[in-house]
Structures are given as C-alpha cells and as structure tokens.
Amino acid sequence: MRITTSLIKADIGGVAGHVVVHPKLEELARKKLQEAKETGLIIDFYVYHAGDDLQLFMTHTRGENNPEIHKLAWDIFVEATEKISKPLKLYGAGQDLLKEAFSGNVRGMGPGVAEMEFEERKSEPVLVFSADKTEPGAWNFILYKVYADPFNTAGLVIDPSMHAGFIFEVYDVYEHKGVKISTPEETYDLLALIGTTGRYIVKRVYRKSDGEIAAVSSATRLNLIAGRYVGKDDPVLIVRAQHGFPATGEVLEAFAFPHLVAGWMRGSHTGPLMPVPLKDAKCTRFDGPPRVVGLGFSLHDGHLEGPVDLFDDPAFDETRKQAQIIADYMRRHGPFMPHRLGPEEMEYTTLPVVLEKLKNRFVPVEAE
Ligand code: F6R
Ligand code: MG
Ligand code: MG
C-alpha cells in the first residue's frame, strides 16, 4: 500500500510571547483532523507542538503536494488564528500565514512542509522531528551524521543494503535550485555545500542501492519567501528507520551532540540544539535555547501506532546538560559574533540606522 506522510506546521501564535502553542489551538486542530479522518480524506493524524509551532502530522494515500491535504492544513491554521489566536491576543497571531487566499499548495505560503510517499514495508518505523528557534539548515549536520558518517551509523559499514551509501538532494534556497550528491564518493563536495547552513539545505535523502526515499525535510526560508523578516522558519523532518535504513537508534545518535545552530533570540543568534521531550517543548531562556522534539511511530496501513516520545529518556540527559553549558558559554558573548549572527543572516538589525546616524562622523584614516 502506498502511503503519504505529510508534516505541515505553522506558527500561528504563542502564549506569553514566542514560547509555546496554546492548547486550544491543538484542540481545534485535533477536532478538524478527526473530521477529515472520518470523511476518509486522511487515514490518521497526530497533533503536537514544538515551541510556538503547531505541528500537523497526517497520513493518507493522496501523494505529495495534494491540494486537498494542503487545504486541510491551511484551513486549520486560518480557522485557529481567527477563532483562537486573535481573540485571545496570542503573540504573533497568524504570523506564518503570508498569503490571504489558498492557491492549491501551502508551499511558499508560510507554513513548513515535509512530505514523503512510499510503499509501506512489512514493518514501517517512521520518526518525525520538529525544531523551534532554528532554521532548516539545522538538519544538515544531523543528516550528514546519520547517512554519511560511519562513526555515527554502524549500518553504513556492516549492513549490505546501506553499504553503497546514500544520495543527498541539496537545495540552494537563494537560487531555488537543487543538486543530487552521492556519498560516500562525493562526501567532500557535499560538506563543501551543506556546511553553509543558511543557503544549502538537505531536502531529501535516498538510499543509493534502490533509490528508496529515506528522509525529507522542510526547506523553506520564510524570510526569502516574504522578502522581509516575518518569522522563523522552524524546521521539520521525517525519517524512515530500520531494515535497510539507519536504525532508530542510529538516527537518534546524531542528536546526542548538541551542535550549534542559527535562529536563537530574534532569529539572530547561534546556540546549541537541545533534544527535549514533548513536556519541555517550549522556549524560555533567551527564547530558547533552540530545541528539537522527536516522535516515533509504527505505521500499519497508514495508521499511526505511537508516538514514542524519543527524547524523553535519561540517555539524553548529558546532551541536555552539555547544551546548557554551551548555552551559558555562548550567552556570555552577548552582542558579539559568532553568538550573534553575521549582518547578512540577522533577522532584526539596527545596523543601517546606526550607520546612517554616524555617516557624517566617519572620517578617512590611513591604510594600515
Ligand atoms: C521568534 C523568535 C523570538 C523573537 C523575539 C522578539 O521566532 O525567535 O526570539 O524574535 O521574542 O520578538 P518580537 O520582535 O515579536 O517582540
Ligand atoms: Mg512565534
Ligand atoms: Mg517557532
């Protein structure tokens, strides 16, 4: 049976700032998706949040970019904004809804989307990850570790069906172009690109031996879509695990190192990506630190068994502790780079105003 998994998310308002989704937004989304399940539009769903981003995970048989599925998500975001976020004056009500009217597909309209269609295997473990206060390039490091680093993923060396490696589809989000890069033989080319996390973003990963889809991310950059800063494009990721794909534990292993990502406070700072259970999926200190939740499901004819709250585990306590130490260390840099992002990556900046004010006070100096 061919199943499509669609994870569509948007920030349509937070409680007490950009902290967390209001439970009433989730309630409304659950009610609407339950109705869609009863009409047969979708097979199953799970609603959750990561910080101030409302997450709609759906399964169906309609393929990727299906207008009805996208409209379902869009209409939920609009209705929840009108009925809940606006009357309750939630912070940033409807902030990711960039367009007035739906036009067939939520791509380019503000919400983030990750979708993949596949033939459901005899057993089909699917993992979803959602991060807040960061950007889609945050997954680059994770996906590299999972699919190209044998020190992370033992299966690359010892599982015959993974031994040929994986193909990374990388988007240049400035030029709106994509390129497929084959690992392990083109690993250095891949790293040359995806180390630039604000521009080159891993969109999909395929197993090389048979071209099967392994992982898909949301690769939007809202600020590029809108041409001005309108909100953070906090990313999502769907991963298939086990039996010829990296094991669930090999995928999770990549999150054990809290690597530095962009997007903390005002979308303008770097900080460690901290894996947390759902109960801690809210952003507090300095509006962060950036955090990620992970949920694991077993699919059966598109039905979702689960979730397992993957980071709700003492095995990640040390990672969280390390993230807190790194957060302290980074915070002590205050407004200095590299804690603060470079001017071209900042989402708020007073620099033009400051430069304008000081314009007449700049005087020529001797070249050193
Ligand atoms: C939002 C975010 C936050 C805000 C910050 C200031 O995704 O990253 O850190 O940028 O709370 O928000 P405003 O300017 O709305 O007061
Ligand atoms: Mg927000
Ligand atoms: Mg957010």
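Residues numbered from 1 in each chain as written. Chains lettered and ligands numbered in written order. Predicted model: local features only at pLDDT ≥ 70, side-chain atom pairs only at ≥ 80, totals over all residues.

Quick notes on the environment of asparagine 105
Inference 1: Take asparagine 105: it is sitting in the loop between α2 (67-85) and β4 (112-119).
Inference 2: Judged by local crowding, asparagine 105 falls into the partly exposed class, with 16 C-beta atoms found within 10 Å.
Inference 3: In sequence terms asparagine 105 and methionine 330 are 225 residues apart; their C-alpha atoms lie 39 Å from each other.
Inference 4: Beyond its immediate stretch of four places on either side in the chain, asparagine 105 contacts Asn65, Pro67 and His70. (Helix = DSSP H or I, 4+ residues; strand = E, 2+ residues; numbered from the N terminus. Buried ≥ 20, exposed ≤ 12 C-beta atoms within 10 Å, placed from the backbone. Contact = placed C-beta atoms within 7 Å.)

Overview of the UniProt feature "binding site: dihydroxyacetone phosphate" (unreviewed entry) in the protein
Inference 1: Per the UniProt record, "binding site: dihydroxyacetone phosphate" (unreviewed entry) is annotated on His18, Lys133, Arg266 and Asp287. These annotated residues cover 270 residues of sequence, and their C-alpha atoms lie no more than 10.0 Å from one another, placing them together at a single site.
Inference 2: Relative to the elements of secondary structure, arginine 266 occurs in helix α8 (residues 264-267).
Inference 3: Leaving out residues up to four positions away in the same chain, arginine 266 has contacts with Glu347 and Tyr348.
Inference 4: Examined against the element boundaries, aspartate 287 turns out to sit in the loop between β13 (274-275) and β14 (291-300).
Inference 5: Setting aside residues up to four positions removed in sequence, aspartate 287 forms contacts with His18, Lys133, Trp264 and Met265. (UniProt positions renumbered as here; feature names shortened; annotations may be inferred.)

Some points on unusual backbone geometry
Inference 1: Here the amide bond leading from glycine 288 into proline 289 is cis, since omega sits at -15 degrees, within 30 degrees of zero.
Inference 2: Among the structural elements, proline 289 can be located in the loop between β13 and β14.
Inference 3: The omega angle of the peptide bond from methionine 337 to proline 338 is 5 degrees, so this bond is cis rather than trans.
Inference 4: As for its placement among the helices and strands, proline 338 is situated in the loop between α9 (317-331) and α10 (351-358).
Inference 5: Of note in this structure, arginine 266 is not a glycine but carries a positive phi near 55 degrees.
Inference 6: Taking the C-beta count within 10 Å as the criterion, arginine 266 has 18 such neighbours and is therefore assigned partly exposed.

Quick notes on the confidence of the model for the protein
Inference 1: In the predicted model, the protein carries a mean pLDDT of 95, and 97% of its residues have values of at least 70.
Inference 2: Both scores are available for the predicted complex, with the pTM at 0.96 and the ipTM at 0.95. (pLDDT = per-residue confidence, 0-100.)

Notes on the pairing of strand β2 (residues 44-50)
Inference 1: The element β2 is extensively covered by neighbouring structure, given that six of its seven residues are classed as buried.
Inference 2: In this sheet, strand β3 (residues 53-60) lies alongside β2 in antiparallel orientation, the contact comprising seven bridges. In the strand pairing of β3, tyrosine 46 is matched with phenylalanine 57.
Inference 3: Taking the residues that link successive antiparallel strands as the turn, the β2-β3 hairpin has two residues, and the phi of glycine 51 there is positive, at about 55 degrees. (Pairing = 2+ DSSP bridges.)

Focus on the nonpolar core
Inference 1: Core analysis: the biggest nonpolar cluster contains 92 residues, and Leu56, Ala73, Val128, Leu143 and Ile238 have the highest contact counts within it.
Inference 2: Ignoring sequence-local partners within four residues, the contact set of leucine 56 consists of Ile8, Lys9, Ala29, Leu33, Phe45, Val47, Ala73 and Ile76. (Core = buried A, V, L, I, M, F, W, Y, C linked by C-beta atoms within 7 Å.)

A closer look at the sheet that holds β4
Inference 1: Spatially, β2-β3-β1-β4 is the arrangement adopted by the four strands of the open sheet, whose pairing is antiparallel. Single-partner strands in this sheet number two, and they are β2 and β4. Across the sheet, the mean angle separating the axes of adjacent strands is 15 degrees when strand polarity is ignored.
Inference 2: In terms of strand pairing, strand β1 (residues 2-10) meets β4 through eight bridges, oriented antiparallel. Along β4, the bridge assignment pairs lysine 9 with glycine 112. (Axes fitted to C-alpha atoms, helices over the stretch in contact; angles between N-to-C directions.)

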